[in-house]
Amino acid sequence: MGGSSRGEFSSSFGFIMAAAGSAIGLGNIWGFPTQTAQNGGAAFVLLYLILAFVVGYPILLAEFTIGRHSQSNPVGAYQSIKGGKRFAPVGFLGITTVGFILSFYSIIAGTMMAYFLNPILKLVGLHQAAAWVISQGVSSNILFASLFFFITVLIVAAGVKNGIEKWSTRLMPTLLLILILLTIYVLTLDGAMEGLKVYLLPDFTKVFHTQLFTSALGQAFFSLSLGVGSMLVLASYTSKKENLVRLGRLVTLSDVGIAFLAGLLIIPAMYAASASGAEIFDEAGNLISGPNLIFQVLPALFDTMGPIGIGLAIIFFFLMVIAALTSTISMLEVPVSYAVDNRGMDRTKASILIGGIFWIVSMVIALNFDLLFDFVVATTTEFIQPLLGLFICVFVGWVMNRNTLIEEIKQGNPDVENSFFMKIWPLFIRYVSPILILIILAQAFL
Ligand code: PHE
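These notes cover the structure that comes with them. Think of each chain on its own: its residues are numbered from 1, step by step along the sequence as written. In keeping with the model being predicted, local features are shown solely for residues with a pLDDT of at least 70 and side-chain atom pairs are shown and tallied solely at 80 or more, while totals for entire chains, interfaces and linings include all residues. Heavy atoms throughout the structure, all of them, feed into the side-chain values; hydrogens and water do not.

## Some points on helix α10 (residues 192-200)
And then number 1: Among all positions in α10, only A192, G195, L196 and Y199 are buried. Around the axis of α10, the buried residues are gathered within 105 degrees of arc, so they sit on the same side. A 1.4 Å probe rolled over the protein chains alone gives each residue an accessible area, and that area as a share of the maximum for its type sets the label: buried under 20%, exposed over 50%, partly exposed in between. Under the scheme used here, helices are H or I runs from DSSP no shorter than 4 residues and strands are E runs no shorter than 2 residues, and both carry numbers assigned from the N terminus. In this context, the arc is that of the directions from the helix axis out to the C-beta atoms.

In structure tokens:
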């Protein structure tokens with residue numbers, strides 16, 4: 001295990017883009033606005049922001065530290081660190097869970113691909129095909145999810161430098177730019193201000209609603225790629241010269257920032273659509289939501305923009321496909337790195353085999369979408385990811401040798417020992433984050 005054969009990022013920028021690329025994806029632009037709509041707006045936003053910083057960031061740093069220290073995958077990491085053997089099953093649970101996440105994620109990512117192709121097919125006059133690709137029927141879902149798996153496997157098989165880094169260092173800034181432009185445009189539309197209020201002014205009568213906490217915590221874990229080992233594995237490929245604290249902060253801020261921006265776009269866009277006659281509330285008077293929300297809102301928005309809208313739609317959905325890819329790569333990489341490090345498997349074989357297994361899972365979900373999709377999303381992101389995070393807190397906060405931990409964080413950040421960060425991070429990892437996770441998980445069951 002370890003050593004140069006594992007591959008390493010060739011630059012600091014490569015690692016930051018890969019970690020940010022893992023974090024930024026459907027979780028931000030599909031998951032966050034949908035959850036915000038489902039949970040009534042600003043109260044959810046506020047809770048999510050708090051949990052991302054108070055629970056997410058400390059755990060992200062814990063994963064970075066274990067990953068770089070062990071230079072291994074989640075299972076190998078626990079096995080190689082003193083006191084960690086008993087935690088190996090936690091590593092396995094992470095590896096399996098991330099596979100299930102990949103399985104549902106590819107379906108939505110496939111839909112992004114379909115919405116990218118739709119305007120192109122229309123432009124070349126293939127109207128029937130254009131309508132079919134976005135029909136989201138079983139066959140189109142299967143086609144696009146499979147395509148997505150295929151590309152992910154190809155990139156992961158190519159390895160860290162050629163695969164992950166190359167893709168991750170591009171295009172993300174463009175996504176940010178388009179989001180900002182779209183948001184500015186939406187905020188000028190009639191009705192948008194109403195949406196802005198719903199997005200930013202919390203209705204505190206809704207805060208003490210059980211599902212709200214579970215959803216916000218799950219969203220924080222999902223969006224920051226936590227618990228399942230993606231961040232751990234990415235950090236295992238980074239050099240000892242990196243300042244993990246700074247990188248963790250950058251990743252958290254960019255991930256949370258993009259999610260916030262996506263909400264700022266989608267929620268006001270819903271109200272703008274409502275001002276021009278679209279129905280945005282269900283019978284119970286709640287905002288419509290569900291996995292299809294952004295596919296209803298965004299294309300309608302692009303339509304209002306005329307020819308520019310067509311171009312923007314193509315670019316936007318293209319970037320979404322890339323953003324999703326940089327996330328799925330970091331998912332498949334987790335079990336693949338285990339197979340390569342611990343089982344001595346060839347990287348290409350491991351990518352195909354493991355990709356194949358979860359492709360089958362994905363097909364099962366696609367074939368039973370109404371029955372399985374929401375269930376798999378909620379189980380993996382709202383329960384297992386936080387549970388895995390809890391174990392990480394216990395391991396790093398209570399089991400792992402403190403000097404080993406500090407020595408690792410000090411690499412690339414020699415002055416960290418006396419910093420404000422080092423005074424509070426251990427408190428968060430030992431008490432604040434695990435206790436919050438425990439309370440939220442417990443209240444979900446009671
Ligand atoms: N964070 C990714 C997103 O927001 C999803 C993800 C979850 C990636 C778990 C890796 C591991 O789209």
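Text resumes after the structure shown.
## Notes on the environment of I29
And then number 1: Following the sequence through the fold, I29 ends up in helix α2 (residues 26-38).
And then number 2: Residue classification places I29 among the buried residues on the basis of a relative accessible area of 1%.
And then number 3: Linking I29 and I266, residues 237 residues apart in sequence, is a C-alpha distance of 8.7 Å.
And then number 4: Residue contacts for I29: discarding those within four places in its chain leaves L175, L179, I258, A262, I294, F316 and M320. By the convention used here, residues are in contact when the closest approach between their heavy atoms is within 4.5 Å.

## Some points on the packing of aromatic side chains
And then number 1: Centres within 6.5 Å are what make two rings of Phe, Tyr or Trp a pair, Trp counting through its six-membered ring; a difference in plane orientation under 30 degrees is then read as stacked, over 60 as edge-to-face, and the rest as tilted. Scanning the model with the defined rule gives 25 aromatic pairs in all.
And then number 2: Here F104 and F373 contribute two aromatic rings whose centre-to-centre distance is 5.9 Å and whose plane-to-plane angle is 85 degrees, an arrangement assigned as edge-to-face. Of the two residues, F104 is situated in helix α5 (residues 88-123) and F373 in helix α17 (residues 369-399); the sequence distance between them amounts to 269 residues. Pair check on accessibility: F104 and F373 agree, each one buried.
And then number 3: A centroid spacing of 5.8 Å and a plane angle of 55 degrees characterise the contact between F302 and F316, whose relative ring orientation is tilted. Taken together, the residues F302 in helix α14 (residues 293-303) and F316 in helix α15 (residues 307-343) connect sequence positions 14 residues apart.
And then number 4: An aromatic cluster is present here, built from W30, F104, Y105, F222, F369 and F373 joined pairwise through their rings.
And then number 5: Two thresholds decide whether a charge sits over a ring: the Lys NZ or Arg CZ must be within 6 Å of the ring centre and within 35 degrees of the ring normal. One Lys or Arg, R430, reaches over the ring of W398 and ends 4.0 Å from the middle of that ring.

Don't take any of this as a statement about function, it's just geometry.
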